[in-house]
Every structure is written in structure tokens, then in C-alpha cells.
Amino acid sequence: MPKATAKKSPATQVVDTAEKPATIKDLLRNNKNTIAQALENTPLTPERLLSVCMTEIRKTPKLRECSQASLVGSIIQSAQLGLEPGSALGHCYLIPFWNNKLRSLECQFMLGYRGMLALARRSGSIVSIDARVVYAADEFSLLYGTITEIIHKPKLTGEKGGVVGVYAVAQLQGGGTQVDFMPVEDILKIRDSSKGVQSGKDTPWKTHFEEMAKKTVVRRLFKFLPVSVEALTAVGLDEKAEAGQSQCNEALIQEGDGGVLVDMDTGEIIEGKVTSAADLNRAL
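Computed from a predicted model, the values in this text were never measured in an experiment.

The rules we used
- Residues numbered from 1 in each chain as written.
- Predicted model: local features only at pLDDT ≥ 70, side-chain atom pairs only at ≥ 80, totals over all residues.
- Heavy atoms only, no water.
- Pairing = 2+ DSSP bridges.
- Helix = DSSP H or I, 4+ residues; strand = E, 2+ residues; numbered from the N terminus.
- Axes fitted to C-alpha atoms, helices over the stretch in contact; angles between N-to-C directions.
- Contact = heavy atoms within 4.5 Å.

## Section: the pairing of strand E7 (residues 177–183)
Looking at chain direction, strand E6 (residues 163–172) and E7 are connected through seven bridges and run antiparallel. Within the sheet, the bridge partner assigned to Val166 lies in E7 and is Met182. Counting the residues that bridge the hairpin from E6 to E7 gives four residues, and of these Gly174 lies at a positive phi of roughly 85°.

## A look at the sheet that holds E7
Read from one edge of the open sheet, three strands run E3-E6-E7, paired in antiparallel fashion. Among the strands making up the open sheet, the edge pair consists of strand E3 (126–135) and E7. Averaged over neighbouring strand pairs, the angle between their axes works out to 10° when direction is ignored. Two strands pair when backbone bridges link them, and E3 and E6 are joined in this way by nine bridges, in the antiparallel orientation. Bridge pairing links Tyr135 to Val163 in E6. This element, helix H7 (residues 184–193), spans E6 and E7 of the sheet and lies at about 75° to E7.

Here it is in C-alpha cells:
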């Protein structure tokens with residue numbers, strides 16, 4: 001496998017931590033050009049993203065203990081997608097993650113439910129996308145076949161009953177609809193397999209179950225929608241975060257028209273140019 005050369009590319013700028021900056025602010029400032037390149041063709045500016053990230057780091061001090069490579073890699077993933085980390089918009093999050101193998105903290109990029117919706121709408125191929133929770137007291141019917149139809153009449157007052165399931169609907173440009181429904185039993189299996197839930201810690205599954213349930217069904221629907229390679233990458237990274245797996249070994253760094261997969265610990269180029277979703281699925 002070819003090693004990163006002395007010539008500094010965006011990838012090697014990110015993974016080069018031989019001379020560690022004194023502060024987090026210095027770390028982000030040193031990588032400002034790389035972040036600015038990742039932000040091209042997105043609505044965010046480098047100044048805005050770095051300001052938001054510093055706010056998140058102040059709110060979550062454990063992020064200061066994460067490896068520099070993982071922290072910058074997560075911020076660049078946010079930049080590539082043009083999504084702001086943090087709870088203000090709920091687009092994505094920077095999460096401290098304990099890597100048992102390395103015995104150290106890593107920063108993980110986690111895509112939010114609203115971030116998924118924003119990416120889908122931004123693709124230009126999707127007119128609208130939404131997810132809704134179905135309760136026991138609702139009137140609900142689902143028809144699959146040559147025609148897919150959902151009829152959902154929610155109970156607006158009184159007791160709703162327990163959650164029966166969650167569905168997502170995407171209206172495609174030029175006609176056509178993609179629909180997915182997950183019964184609550186399937187959602188609970190995914191919740192219970194989450195490393196955060198297994199650890200007994202407070203997680204979004206405990207505090208925002210409905211949002212996480214909607215995110216789960218949208219994430220599954222995403223794989224059948226005409227969205228960008230970067231959006232599919234974000235979904236793959238989100239699944240890794242949910243499963244408690246490290247994201248740090250592989251990261252997509254934009255370079256020209258394509259990208260490279262880089263080992264964030266060694267700077268080694270893993271797969272060369274990335275040009276399709278198949279390349280990413282093979283690597284993730």
C-alpha cells in the first residue's frame with residue numbers, strides 16, 4: 001500500500017500529529033485550510049463551523065481528551081456534509097468514545113435525525129422526506145405491492161397508547177415514493193444492541209426515544225434513496241458510532257473530484273481514490 005509522501009495533501013495535513021498543537025484552538029487553526037476545502041459547495045463558513053465546534057468542546061470537556069486525529073476527522077466529516085455539530089440544530093454531534101483496543105478516547109461523528117433529513121432534501125432528487133411514530137390508539141394501515149400506500153390517522157387527544165412502530169416516506173423528484181416501516185420490536189432490538197445502552201449510561205435512546213426511532217427508520221430508508229456518496233458515508237459512520245465501533249481507522253478526505261481513504265493513525269492511504277458508494281461500502 002502506498003504511504004503518504006512528504007508533499008502535504010489535505011489528508012496528510014489532518015493526520016500529521018508529530019508536533020501536537022498546544023491547545024484545541026491551535027489544532028483547529030492549523031487545520032483551517034483543510035476544513036475550508038471540505039466546506040466548499042456547502043452553506044457553512046470555516047469561521048462559523050470552528051466557532052460551533054469550540055462551543056461543543058466547551059460543553060463536552062471530554063472532547064479535549066480525545067485523540068487529535070479523531071477530533072479533526074469528525075469536524076472534517078461535518079464540514080464535508082455542511083452540517084453544524086451540536087444540539088442547536090440537531091444535525092450532527094461530536095461524541096467522546098472510549099476505544100477499548102487503544103485504551104484511549106476518540107471523537108466520533110454521529111449524524112442526527114434532522115441532519116439526515118437536511119442531506120436528503122439537499123440532494124435535489126428528493127421533494128420531501130419525513131418520519132412519524134405510530135401509537136396504539138392511531139388508525140394505521142400499510143399496503144405494499146405494485147402500489148405502496150400508508151394511511152395514518154393519529155389520535156390527537158387523550159391517551160395515545162404505546163408505540164407500535166415508525167415509518168418514513170420520501171417523495172422523489174419526477175414521481176415515485178420510497179416507504180419503510182419498522183415495528184417497535186425491531187427498533188428495540190437496535191436500541192438494545194447500542195453500546196451506549198448496554199453500558200447503562202444516559203443516551204439519546206433514553207432521553208429522546210422517538211427521535212432515535214425516527215432516525216433509525218430514516219437511516220435504513222437512506223440506503224435506497226438517490227443521495228450523495230458523502231451522505232451514505234455519514235450513515236455508515238453513524239452506524240459504527242451506534243455499534244460502539246471506532247471510526248478513526250478510516251475517514252473520507254475530499255481531494256479534487258474524488259477522495260482518499262486514510263488511516264487516521266498512520267497516514268497510510270488505504271484504498272486510493274473513492275469514486276462510488278461501492279468503494280465506500282467495501283471500506284466501511
